[in-house]
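Structure at a glance
The chain contents come next:
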Amino acid sequence: MNPIPVEQQQSLIERLMKACGGEYSPERRRKYFLSGPQWAGAYEGHALFHAPTRSPVTFEQVIEKWGELGIGHWTTHDTDVIGAKDLGTERQEQIVNRIGQALKKHGVQCSMVTTETFHHPVFAASPAAEAPQVREYAAWRLRNTVAIGHELGAQFAVYWPGSLGYYVQGAIEETQTLKWYAEGLNAACDADIEIARKKGRPTLKHCLEAKPFEPQAEILLPTSDAMLAFIFSGLLEHPEMVGLNPEYLHELMWGAAPRAALARALLAGKLFHFDINDGYRLKHDVDIGVGLVNPLDWLNVLVLLRSHGYNGPFNLDYKPPRTTSNYGVFAVSFPTAVDRFITLWDMAGEVLSDPVIQAATEALKAGGANADARDVDAVTNANKELLTLHELIAHRLFQILIGQHRGRTFAV
Ligand code: GCO
Ligand code: MN
Ligand code: MN
């Protein structure tokens, strides 16, 4: 092939995207509770060792693209489009108005707001730092985010306490820090109750998001399970308002089975919100598009969520790779992530109604016949052959993933 001049590269991408096929219409995509973060659409590819590879994108552009693509919801940090110094000023009001107009114009809704408590130097020692002024400022930021959320019609507020921890052990006292952190969340819930009452709106669902590593060396609430313990610790004044926003990759990062982590959140009634992406075990937070690394695991995750009637948001919290261009972010990254999600969601439906899996599952639950429950050998033997069904189910899931259950065959 001859070298491809840069002005022909976008049309090549377009042609190959068409050749891929399998795109869903924006109307179809809007049927799912999908949300697209401002920070993901506008991510320029920068990181500690990486200079940006893409140019800046405004919130108007992101919202317009979400509308075009059929991503029905938009999510944002308080500082994604409002400078930290402008928070709480008239300028905030103007920007929030402009956001509201852009959302309306493009038929997109704001579903979630989140407070940035990790990037600004004021949070170097976390939002629950020793100095009372820092904690007062953090509490104000949380209350202000709640107010922005109500203004924009959001139903969820998310908190990722990535800076709640330390680099050097012994410098902070963990129990005290967690108590101070709870005070911040209590302030957010109190403000929420008041604003919701005034506005005649329901209160927000407050969701904690765990990540095991980064940016602190040691994190005080590193996993969704740690957060469940924190929610039920007695430190929160409104534990009923606080739940989880697990992120798929963040659970995988510490070596967990994301589906099992989600199951524990479901059992506790705390699966409020879900950040969807993909990546690798025991690596840093690579935030790859959903289904590109672990499609079988993702299928299983969605089977669990579908079978439990999860109806919260699926927030596309991933970072388009640095190798993707500004054009590629909206032509490839986001539409393909959404479409893989929808395909996996539909496949999960097929898993739930698959006759082979159903028969195997029912047989496993029926168990073997005629065994005296106090006779260990009899119980073992009675179920011996049935247990092969575990592996048969796994094979069937693979077949569903690659379409063999619908007769797709491969030449040998
Ligand atoms: C990450 C985190 C963030 C949070 C966001 C919302 O991977 O860095 O997941 O993207 O989701 O800060 O609070
Ligand atoms: Mn996230
Ligand atoms: Mn992440």
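Summarised in this report is the structure supplied together with it. (Residues numbered from 1 in each chain as written. Chains lettered and ligands numbered in written order. Predicted model: local features only at pLDDT ≥ 70, side-chain atom pairs only at ≥ 80, totals over all residues. Heavy atoms only, no water.)

Those residues of helix 9 (residues 224-231) lying buried are Ser224, Met227, Leu228, Phe230 and Ile231. Down the axis of helix 9, the smallest arc covering the buried residues is 160°, so these residues share one side. Tucked into the core, helix 9 has its buried residues touching helix 8 (174-199), strand 6 (205-208), strand 8 (242-244), helix 10 (248-253) and helix 11 (258-267). (Buried < 20%, exposed > 50% of the residue type's maximum accessible area, 1.4 Å probe, protein only. Helix = DSSP H or I, 4+ residues; strand = E, 2+ residues; numbered from the N terminus. Arc of directions from axis to C-beta. Contact = heavy atoms within 4.5 Å.)

Every protein donor of the manganese ion (ligand 3) is accounted for by Glu247 (OE), His250 (NE2), Asp285 (OD), Asp285 (OD) and Asp287 (OD), and the metal-donor separations fall at 2.0 to 2.5 Å. Classification of the site at the manganese ion (ligand 3) rests on its six donor atoms, whose angles at the metal span 54 to 157°, yielding the label irregular. Read from N- to C-terminus, the donor residues coordinating the manganese ion (ligand 3) fall into the pattern E-x2-H-x34-D-x1-D. Separating the manganese ion (ligand 3) and the manganese ion (ligand 2) is a distance of 4.6 Å, and Glu247 donates to both of them. With respect to class, Asp285 is no different from Asp287; both count as buried. (Donors = N, O, S within 2.8 Å, 3.2 Å for Na, K, Ca; no water. Tetrahedral: all angles 85-135°; square planar, octahedral: opposite > 155°, others 65-115°.)

All right, on to the environment of Gln358 then. If you trace the backbone, Gln358 turns up in helix 14 (residues 355-366). What makes Gln358 partly exposed here is its relative accessible area of 36%. Spatially, the C-alpha atom of Gln358 lies 44 Å from that of Leu12, the residues being 346 residues apart in sequence. Apart from the residues within four sequence positions on either side, Gln358 is in contact with Leu352 and Ser353.

Glancing now at the pattern of salt bridges. Counted under the stated rule, the structure contains 19 salt bridges. The shortest N-O distance in the salt bridge between Asp78 and Arg141 comes to 2.7 Å. Placement of the pair is Asp78 in helix 5 (residues 78-81) and Arg141 in helix 7 (residues 132-152), with a sequence separation of 63 residues. Just as Asp78 is buried, Arg141 falls in that class too. Measuring nitrogen to oxygen at the nearest pair gives 3.5 Å for the salt bridge that ties Glu116 to Arg141. Of this pair, Glu116 sits in the loop between strand 3 (109-114) and helix 7 while Arg141 sits in helix 7; the two residues are 25 residues apart in sequence, bridging distant segments of the chain. Beyond isolated ion pairs, a larger network of salt bridges with shared partners links Glu23, Arg29 and Asp339. (Salt bridge = Lys/Arg side-chain N within 4 Å of Asp/Glu carboxyl O.)

Let us look at the site of ligand 1. By nearness alone, 14 residues border ligand 1, and His77, Thr114, Glu209, Glu247 and Asp285 come closest of all. Between Glu209 and ligand 1, the recorded distance is 2.5 Å, taken from a side-chain N or O atom to an oxygen atom. Surface burial for ligand 1 is 95%, taken as the share of its 330 Å² of free accessible area covered by protein chains. A per-class count over the shell around ligand 1 returns four nonpolar, three polar and seven charged. (Near = heavy atom within 4 Å. Polar contact = N/O pair within 3.5 Å; in protein donor to acceptor, adjacent residues only side chain to side chain. Areas by Shrake-Rupley, 256 points an atom, 1.4 Å probe, with all protein chains shown as cover. Nonpolar A, V, L, I, M, F, W, Y, C, P; charged D, E, K, R; others polar.)

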